[in-house]
Amino acid sequence: MFKGLSGLGSLIKNVQAIGGQMKNLNEELKGRRATGTAGGGMVEIELNGLMEAVQCRIDPQLSAQNDRELIEDLVVAAVNQAIAKGKQMHTEAVREMTGGLPLPGGLQEALTKFGGTEEGTGEGKDSDDKC
């Protein structure tokens, strides 16, 4: 009955250590950047590693065209590309933090799904947008 309790203290220490590492990871990710572009670089969106938008650049030539619909489409494409890159960055950072060790209880699978890099989906890779 008490066999499992002997490892409970060790488990709690591990959880606390991982919590501290995740806090450090979040601080590190705040400083990293993922950039998405569309329209041959006419629209550029920059996110930090926590998926917070930090900058949006639209080429003045694109603005001069007065094509609001095109600009909207390009911004969406650039944001989606930046998000995919940011998720990949997050997944890789977690993988580095864990030293590539398999995580228990499906945690690795959950992190992979969060990162949008499930094998075979093509997500998380640079993709050509429609422009």
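Criteria and cut-off values
- Residues numbered from 1 in each chain as written.
- Predicted model: local features only at pLDDT ≥ 70, side-chain atom pairs only at ≥ 80, totals over all residues.
- Heavy atoms only, no water.
- Helix = DSSP H or I, 4+ residues; strand = E, 2+ residues; numbered from the N terminus.
- Buried < 20%, exposed > 50% of the residue type's maximum accessible area, 1.4 Å probe, protein only.
- Contact = heavy atoms within 4.5 Å.
- Areas by Shrake-Rupley, 256 points an atom, 1.4 Å probe, with all protein chains shown as cover.
- pLDDT = per-residue confidence, 0-100.
- Salt bridge = Lys/Arg side-chain N within 4 Å of Asp/Glu carboxyl O.
- Pairing = 2+ DSSP bridges.
- Axes fitted to C-alpha atoms, helices over the stretch in contact; angles between N-to-C directions.

Participant: Help me understand the overall build of the protein, please; the structure alone is not making it clear to me.
Facilitator: Helix and strand counts for the protein stand at four helices and three strands. In sequence order, the protein lays out its α and β elements as α-β-β-β-α-α-α. When burial is assessed residue by residue, the protein has 26% of its 131 residues classed as buried. Nonlocal contacts in the protein, meaning residues at least 24 apart in sequence, comprise 51% of its contacts between residues at least 6 apart. When the accessible surface of the protein is split by element, carbon and sulfur atoms take 54% of a total near 8700 Å².

Participant: Looking at this structure, how should I read the confidence of the model for the protein?
Facilitator: Where the model shows low pLDDT, its predicted coordinates should not be examined in detail. When pLDDT is averaged across the protein, the result is 77; 64% of the residues are at 70 or more. Across the protein, the element-wise mean pLDDT spans from 53 in helix α4 (residues 107-115) up to 97 in strand β1 (residues 33-38). pLDDT under 50 marks residues 114-131. Its contacts with residues more than four places away, or in other chains, come to 29 contacts.

Participant: What should I look at first to understand the pattern of salt bridges in this one?
Facilitator: Pairing between side chains becomes possible if they bear opposite charge and their charged atoms approach one another. Taken as a whole, this structure holds six salt bridges when the rule is applied. Glu46 is the partner of Arg33 in a salt bridge, and the nearest nitrogen-oxygen pair spans 3.2 Å. Of this pair, Arg33 sits in strand β1 while Glu46 sits in strand β2 (residues 43-48); the two residues are 13 residues apart in sequence, bridging distant segments of the chain. Taken together, the shared-partner salt bridges in this structure form one network comprising Arg33, Glu44, Glu46 and Arg57.

Participant: What am I meant to see in the pairing of strand β3 (residues 53-58) here?
Facilitator: The two faces of the sheet receive side chains in turn, since in a regular strand these alternate between them. Relative to β3, β2 runs antiparallel, the two sharing five bridges. Residue pairing across strands places Ile45 opposite Cys56, the latter belonging to β3. The antiparallel hairpin formed by β2 and β3 contains four residues in its connecting segment, where Met51 sits at a positive phi of about 70°.

Participant: Sorry if this is basic, but what is going on with the sheet that holds β1 here?
Facilitator: By way of backbone hydrogen bonds, the strands of a sheet pair with one another, either parallel or antiparallel. Across the sheet, three strands lie side by side as β1-β2-β3; this open sheet has antiparallel pairing. Two strands lie at the open edges of the sheet, namely β1 and β3, each paired on one side alone. Each strand axis lies, on average, 15° off the axis of its neighbour in the sheet, ignoring direction. Most of the contacts of helix α3 (residues 68-97) go to β1, to which it runs at about 150°, and overall it touches β1, β2 and β3.

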